[in-house]
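Chain by chain, the residues run as shown.
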Amino acid sequence: MVIINGEPKDTASVTVTELLASMNLRPERTAVMIGNDILPKAQYDRVLADGDEVEIIGFVGGG
Amino acid sequence: MITEAEFAEAVDSRSDRPIYGLMKRASVGIAGCGGLGSNIAAALVRSGVGHLTIADFDTVELSNINRQLYTLSHIGKAKVDALSEILSQIDPFCDITAHNTRITAENCAEIFSDCGIIIEAFDLPDQKAMLVNAVMEQMPEKYLISGNGMAGYGSANAIVTRKITDKLTVCGDGITDIADVTGLTAARVMICAGHMASRAV
């Protein structure tokens, strides 16, 4: 079980890249936190581990 | 001419004295001086922040006036120069460092090295993501406040402050993209700017 944006999800053996694609998010417009730490883009091929608390911010335009 | 002591006394009478002392010593960096950044800067200077670093590569255009702090007299000027001018009219004793440059993952650590808090106030989503990733990877000790989702004519109450990690706060409605809606209005942009400035204070 992985917590994604506060919701428990069954996402066994899914990489961050695959997770973002399933959410229709473009990696160049996201920031992914695992626990309190940012996940560097170079590690987006990492497979999510059981118990990971993942927070995904999909940025939108305007400012 | 107003002296620094007179100025401090006037501001002091409207704020909590120990907090005002903390504010004078605080150093905040603002990345982007558009609708969010220019309004955040004004709020922070009025709140008594002593040191501000502002950075933007753009010049003021007529299309900015509907939501950014600038006036017609600033058109054609570098945004950081126009903003420094306005801020020094609000508080001549605020120490302002202006960088007329494009912020990148390569130069952000140097530009904001002295800042305890960094505020992401860009307009393009790729740039927002770039800065948030760069700051959190290169400067994990900094507090970071990012603006995300304030376009359109939606409810003011949809704009919220969300603490994501110990260091990262994101303000906005999180979903309204200027690419999908018409309009970016002063009222809604200033609400988001107010959330971001309030979080910094």
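Residues numbered from 1 in each chain as written. Chains lettered and ligands numbered in written order. Predicted model: local features only at pLDDT ≥ 70, side-chain atom pairs only at ≥ 80, totals over all residues. Heavy atoms only, no water.

Caption draft 1: Representation of the interface of chain B and chain A. Chain B puts 30 residues into the contact, and the matching count from chain A is 20 residues. Counting the contacts that link chain B with chain A gives 2 salt bridges. Across the contact surface, chain B and chain A share 9 residue pairs in polar contact (both at pLDDT 80 or more). (Contact = heavy atoms within 4.5 Å. Salt bridge = Lys/Arg side-chain N within 4 Å of Asp/Glu carboxyl O. Polar contact = N/O pair within 3.5 Å; in protein donor to acceptor, adjacent residues only side chain to side chain.)

Caption draft 2: Main features of the pairing of strand 3 (residues 95–99) of chain B. Residues and elements named next belong to chain B. Pairing between strand 2 (residues 51–55) and strand 3: 5 bridges, direction parallel. Counted as the bridge partner of threonine 53 is threonine 97 from strand 3. Read from strand 2 through helix 4 (residues 79–90) to strand 3, the crossover connection turns out right-handed. (Pairing = 2+ DSSP bridges. Helix = DSSP H or I, 4+ residues; strand = E, 2+ residues; numbered from the N terminus. Right-handed = clockwise from strand over helix to strand, strands pointing away.)

Caption draft 3: Here's a closer look at helix 6 (residues 125–138) of chain B. Between its first and last C-alpha atoms helix 6 of chain B spans 20 Å; for 14 residues at 1.5 Å apiece the expected length is 20 Å, and the two agree. All of the buried residues in helix 6 of chain B are Pro125(B), Lys128(B), Ala129(B), Leu131(B), Val132(B), Asn133(B), Ala134(B), Val135(B) and Met136(B). (Expected span 1.5 Å × (residues − 1). Buried < 20%, exposed > 50% of the residue type's maximum accessible area, 1.4 Å probe, protein only.)

Caption draft 4: Seen up close, the sheet that holds strand 1 (residues 2–4) of chain A. Strand order in the open sheet made by the 5 strands is 2-1-5-3-4 (chain A), with mixed pairing throughout. A single partner strand is all that each edge strand has here, and the edge strands are strand 2 (7–9) and strand 4 (37–38) of chain A. The pairing of strand 3 (residues 30–34) of chain A with strand 4 of chain A spans 2 bridges and is antiparallel. Considered in strand 4 of chain A, the bridge of Ile34(A) is made with Asp37(A). Across the sheet, helix 6 of chain B is in contact with strand 3 and strand 4 of chain A; its angle to strand 3 of chain A comes to roughly 35°. (Axes fitted to C-alpha atoms, helices over the stretch in contact; angles between N-to-C directions.)

Caption draft 5: View of the environment of Ser13(A). Along the chain, the position of Ser13(A) falls in the loop between strand 2 and helix 1 (16–22). Spatially, the C-alpha atom of Ser13(A) lies 37 Å from that of Gly63(A), the residues being 50 residues apart in sequence.

Caption draft 6: Broad picture of the nonpolar core. Residue and element names in this part refer to chain B. The biggest cluster of nonpolar side chains holds 38 residues, and the ones touching the most others in it are Ile30, Leu36, Ile40, Leu44, Leu52, Ile119 and Met196. Residue assignment for this core shows that the elements contributing at least two residues are strand 1 (27–31), helix 3 (35–46), strand 2, helix 4, strand 4 (117–120) and helix 7 (186–200). Once residues within four sequence positions are removed from consideration, isoleucine 40 is found in contact with Ile30, Ile119, Ala193, Met196 and Ala197. Of all hydrophobic cores here, the second largest spans 25 residues; its members include Cys108, Ile111, Phe112 and Val132. (Core = buried A, V, L, I, M, F, W, Y, C linked by side-chain atoms within 4.5 Å.)

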